[in-house]
Amino acid sequence: MTASSDGVLHTLFRSEQGGHEQVVLCQDRASGLKAVIALHNTDLGPGLGGTRFYPYESEAAALEDALNLSRGMSYKNALAGLDHGGGKAVIIGDPEQIKTEELLLAYGRFVASLGGRYVTACDVGTYVADMDVVARECRWTTGRSPENGGAGDSSVLTAFGVFQGMRACAQHLWGDPTLRGRTVGVAGVGKVGHYLVEHLLEDGAEVVVTDVREESVRRVTDRHPQVTVVADTEALIRVEGLDIYAPCALGGALNDESVRVLTAGVVCGAANNQLAHAGVEKDLADRGILYAPDYVVNAGGVIQVADELHGFDFDRCKKKAAKIFDTTLEIFARAKSDGVPPAAAADRIAEQRMAEARAER
């Protein structure tokens, strides 16, 4: 065994990630597909999580993202009360350059080869139309269009769930579950963020936004000219009088530097894996910043796609997503009683549910 292969195995089985049950490397030379499917934990049921299509700087970076995202899905699904474990897939490459029907069909065949251990859906770089294609080769596909038996865009309920998490933060911190009169900064107003802006404005919040895509910002400001726009995330986290910071783009938004300069007293957003490294949650707590764990508040989407497997009912899903408000408050209460940051409290509750399911086997 070479030093390089030993390093890969260490990445797959390292104890700080709790180990992964299965990791599949997929390649289809004819279509150019290169993908990683990671199953972290299936104690509660088949792994459920989306497919991310992204131009990673290296295969190692793609593998690490798949491992981190799949682990996060184990915890997200557990706290959402779903009978699903954690799984995630990443396709390596720029979707605007290499995404084809042939590639998506090849990917669908790889997912199908797992025999239902992994159920896929949309994520960054993949859309409802893509899942319709994947589903032609794989029945374990959710996030499809209504015309093809699916629930459509899961971003709607993802944003609704994040909004419920924000309401819980407001209740916990200010004694009132409303954002009226509060200033909320949303970093990323794409698939989920622009829906979140709608909820915030309807509730009476002042909203500041930024996005690397000019067209995403324009979509918001054309509809809501009262929304303030800043140049980038670095400017957003420094906005004077910011009450809540909502990271809604890619992960790693909360790092040593951003936490040090953040003006908001609350962090609650839709992005996955917001904490850049272990220890950031303590840095937030030390600064008196209330953190709503990302995988708790952004679970609305996975609640929707899970429901699709049983015959989608939007009202039923919305009621489940509304419970994110109660779950978030429960986590804050557990954090206080255990004397730990909310992220640690959320992990403990999720791990308890997974352990109970494992014991019942």
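Read on for a plain summary of the structure. Since the structure is predicted, the reported quantities are computational estimates derived from the model, not experimental observations. (Residues numbered from 1 in each chain as written. Predicted model: local features only at pLDDT ≥ 70, side-chain atom pairs only at ≥ 80, totals over all residues. Heavy atoms only, no water.)

**Section: the overall build of the chain**
Consideration 1: Helices and strands together make up the secondary structure of the chain, namely 16 helices and twelve strands.
Consideration 2: Taking 21 Å as the expected radius of gyration for a compact globule of 361 residues, we find that the chain reaches 20 Å, a close match to that expectation.
Consideration 3: Overall, the C-alpha framework of the chain stretches about 55 × 45 × 45 Å when taken along its three principal axes.
Consideration 4: Relative to its 361 residues, the chain shows a buried fraction of 55%.
Consideration 5: Counting contacts in the chain only where the partners sit at least 6 residues apart, residues at least 24 apart contribute 65% of the total.
Consideration 6: Looking at the chain as shown, the accessible area adds up to about 15600 Å², and 48% of this sits on carbon and sulfur atoms. (Helix = DSSP H or I, 4+ residues; strand = E, 2+ residues; numbered from the N terminus. Rg over C-alpha atoms; globule rule 2.2 N^0.38 Å. Buried < 20%, exposed > 50% of the residue type's maximum accessible area, 1.4 Å probe, protein only. Contact = heavy atoms within 4.5 Å. Areas by Shrake-Rupley, 256 points an atom, 1.4 Å probe, with all protein chains shown as cover.)

**Regarding unusual backbone geometry**
Consideration 1: Located in the positive-phi region is N273, a residue other than glycine, with phi close to 50 degrees.
Consideration 2: Counting through the fold element by element, N273 comes out in the loop between β11 (266-267) and α11 (280-286).
Consideration 3: Using a relative accessible area of 28% as the deciding quantity, one classes N273 as partly exposed.

**With respect to the sheet that holds β11**
Consideration 1: Pairing within the open sheet is parallel, and its six strands lie in the order β9-β8-β7-β10-β11-β12. Among the strands making up the open sheet, the edge pair consists of β9 (228-229) and β12 (290-291).
Consideration 2: With two bridges connecting them, β11 and β12 associate as parallel partners. Its bridge partner lying in β12, V266 is registered against L290. (Pairing = 2+ DSSP bridges.)

**Some details on the nonpolar core**
Consideration 1: Of all hydrophobic cores here, the largest spans 40 residues; its most connected members are M166, V186, L196, V197, L200, V207 and C268.
Consideration 2: At the level of secondary structure, the elements contributing two or more residues to this core comprise α6 (155-174), β7 (183-187), α7 (193-202), β8 (206-210), α8 (214-223), β10 (244-247), α13 (300-308) and α15 (324-338).
Consideration 3: With five residues, α6 is the single largest residue contributor to this core.
Consideration 4: Among all residues touching L196, those that are not within four sequence positions of it are A159, V162, F163, M166, V186, A246 and C248.
Consideration 5: In terms of nonpolar packing, the next biggest core, distinct from the first, is built from 22 residues, L103, L104, L114 and C122 among them. (Core = buried A, V, L, I, M, F, W, Y, C linked by side-chain atoms within 4.5 Å.)

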